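# Architecture at a glance
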Amino acid sequence: MLEWGTLIICGLVLLLRLPDALRGRNRAVFGILFLATLCSLLSIPGPYAAIDGALGSLNLTNLVLRFIVFGMVFLVGLRLAAGLGATRAKELITGRAGRWALAAACLAVGVTFFLMDTRGSSAGLQDMTGSGRNAVLAPLYAAAGRSYPAFVSLLLLPSLRAAINAALPRLVRTGAALTMVGAVAAVASVPVSFAPESWDLPRLFVNYLAVLGYVLGLLAFWFSGQSGRPPRNTPATFPQS
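Moving on, we get to helix H4 (residues 60-84). The terminal C-alpha atoms of H4 lie 36 Å apart, and with 25 residues this matches the ideal 36 Å at 1.5 Å per residue to within 8%. Gly85, located one to two residues past H4, shows a positive phi value of around 70°.

In terms of nonpolar packing, the biggest core is built from 50 residues, with Leu33, Leu80, Met116, Tyr141, Tyr148 and Leu156 touching the most fellow members. The element best represented in this core is helix H7 (residues 132-165), accounting for 11 residues. Residues in contact with Tyr141, not counting those within four places in the same chain, are Asn62, Leu63, Arg66, Val109, Thr112, Phe113, Met116 and Leu125. Core analysis: the second largest hydrophobic core is formed by 5 residues, Ala185, Val192, Val206 and Ala210 among them.

Looking at the protein as a whole, the pLDDT averages 89, with 93% of positions reaching at least 70. The secondary structure element of the protein with the lowest average pLDDT is helix H9 (residues 200-226), at 89, and the one with the highest is helix H6 (residues 96-115), at 96. For the stretch residues 229-241, pLDDT sits under 50, and the model shows 36 contacts to residues farther than four places along the chain or on other chains.

The next subject is unusual backbone geometry. For Asn26, which is not glycine, the phi dihedral falls at a positive 50°. In this fold, Asn26 is placed in the loop between helix H1 (2-22) and helix H2 (27-42). Positioned with a positive phi, Ser57 is a non-glycine residue whose angle comes to about 55°. Take Ser57: its relative accessible area is 28%, and that puts it in the partly exposed class.

With that settled, the discussion passes to the environment of Arg23. By secondary structure assignment, the location of Arg23 is in the loop between H1 and H2. Judged by its relative accessible area of 53%, Arg23 is exposed. Among the polar contacts listed, one links the side chain of Arg23 to the side chain of Asp20, at a separation of 3.0 Å.

With that out of the way, let us pick up the packing of aromatic side chains. Within this structure, the stated rule accounts for 6 aromatic pairs. With centroids separated by 6.1 Å and ring planes inclined at 25°, the aromatic side chains of Tyr148 and Phe151 adopt a geometry described as stacked. With Tyr148 and Phe151 both in helix H7 and 3 residues apart, this pair spans about one turn of that helix. Look at Trp222 and Phe223: their rings are 5.2 Å apart centre to centre, the planes differ by 40°, and that puts the pair in the tilted class.

This brings us to the environment of Thr174. Within the secondary structure, Thr174 sits in helix H8 (residues 170-192). What makes Thr174 partly exposed here is its relative accessible area of 33%. Taking C-alpha positions, Thr174 is 7.3 Å from Gly217, a pair spaced 43 residues apart along the chain.

Turning next to the side chain of Ser193. Its location among the elements puts Ser193 in the loop between H8 and H9. On the basis of relative accessibility, which here comes to 4%, the residue Ser193 falls in the buried class. Reaching out from Ser193, the side chain makes a polar contact with the backbone oxygen of Ser189 at a distance of 2.8 Å. With residues near it in sequence (within four places) discarded, Ser193 still touches Pro139, Ala142, Ala143, Arg146 and Arg203.

The next subject is the environment of Tyr208. Its location among the elements puts Tyr208 in helix H9. Tyr208 sits in the buried class, given a relative accessible area of 9%. Between the C-alpha atom of Tyr208 and that of Phe194, which follows or precedes it by 14 residues, the distance is 17 Å.

Turning our attention to the state of the cysteines. Two cysteines whose sulfur atoms are joined by a covalent bond form what is called a disulfide. The full count for this structure, using the stated rule, is 0 disulfides. In this model Cys10 remains outside any disulfide bridge; the closest cysteine sulfur is found in Cys39, 8.8 Å from its own.

This structure, assessed with the given rule, holds 5 salt bridges. Of the charged contacts in the structure, one is a salt bridge between Glu91 and Arg88, with a shortest N-O distance of 3.7 Å. You can see Glu91 and its partner Arg88 sitting in helix H5 (residues 87-94), 3 residues apart, about one turn around the helix. Measuring nitrogen to oxygen at the nearest pair gives 2.9 Å for the salt bridge that ties Asp117 to Arg119. Residue Asp117 is classed as partly exposed on the basis of its relative accessible area, which comes to 26%. Overlapping salt bridges, with partners in common, bring together Asp20, Arg23 and Arg25 in one network.

Parameters and conventions
Numbers given for residues are sequential positions, taken from 1 along each chain in its written order. Where local features are concerned, this predicted model is filtered to residues with pLDDT of at least 70; where side-chain atom pairs are given and counted, the filter is 80 or more; whole-chain, interface and lining totals use all residues. Side-chain figures throughout are based on the complete set of non-hydrogen atoms in the structure, without hydrogens or water. Here a strand is any run of E in DSSP of at least two residues, a helix any run of H or I of at least four, and the numbering for each starts at the N terminus. One fewer than the residue count of a helix, multiplied by 1.5 Å, yields its expected span. By nonpolar core is meant a set of buried Ala, Val, Leu, Ile, Met, Phe, Trp, Tyr and Cys residues that side-chain atoms within 4.5 Å join together. Whether a residue is buried, partly exposed or exposed follows from its accessible area with a 1.4 Å probe, protein chains only, as a fraction of its type maximum: under 20%, in between, or over 50%, in that order. Throughout, a contact is declared for two residues whenever any of their heavy atoms are within 4.5 Å. A residue's pLDDT is the confidence the predictor assigns to it, expressed on a 0 to 100 scale. N or O atoms closer than or at 3.5 Å make up a polar contact, with two conditions inside protein: a donor-capable atom paired with an acceptor-capable one, and, for residues adjacent in sequence, both atoms drawn from side chains. Between rings of Phe, Tyr and Trp, where Trp is taken as its six-membered ring, a pair exists when centres lie within 6.5 Å; planes separated by under 30 degrees are stacked, by over 60 edge-to-face, and by other angles tilted. Note on terminology: disulfide denotes any pair of cysteine sulfur atoms within 2.5 Å. Salt bridges are identified by distance alone: a Lys or Arg side-chain nitrogen within 4 Å of an Asp or Glu carboxyl oxygen.

Quick look at the structure:
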């Protein structure tokens, strides 16, 4: 239910933004939503197995998915940092610290993936964490894949909190609150990666909450822009996120 529900919500938000994208407006945000929908699709066992089977059933689809998430998170970070007026966060995301964080995350994901036994398609690698070296490496791989989203989310949290407490239109504050929920969930997903197997449902909930928080936050910002009431003391790009 979490998997399909997330895909449906992402798909509906994507369709809502399609007319604007066709008119050449905010195509970057449409691209972000497209990537979020694609990631949601690749998290569902059926589509995942079909695509991974074509790649040799070695779970390479999961590795590609991690890198897609990194690219999507980078775009989200840039867009929100610009819209929130978070100059320092934007500098950190695009500067040396951000490049090192992204490189370290990519390296950690790649190394742990190729050290694991990845034979046999398994969406989310759910069937590959029980024994042997995978029992140790799978949580490390999951945490590595969530480290860069957590890094970007941490940088955005102060500006999101400031937007929630500011004298801004309700939809803007709602968008900031929803995005903050997603950001907190993204940060929490790193330690949750090491939770025991009995915590599978809470772990999945945290992961999908991160996606939904960001997607619904972007939707609320868009609705704010459509209302025709630009918020005061806020960069002009913010309501158009």
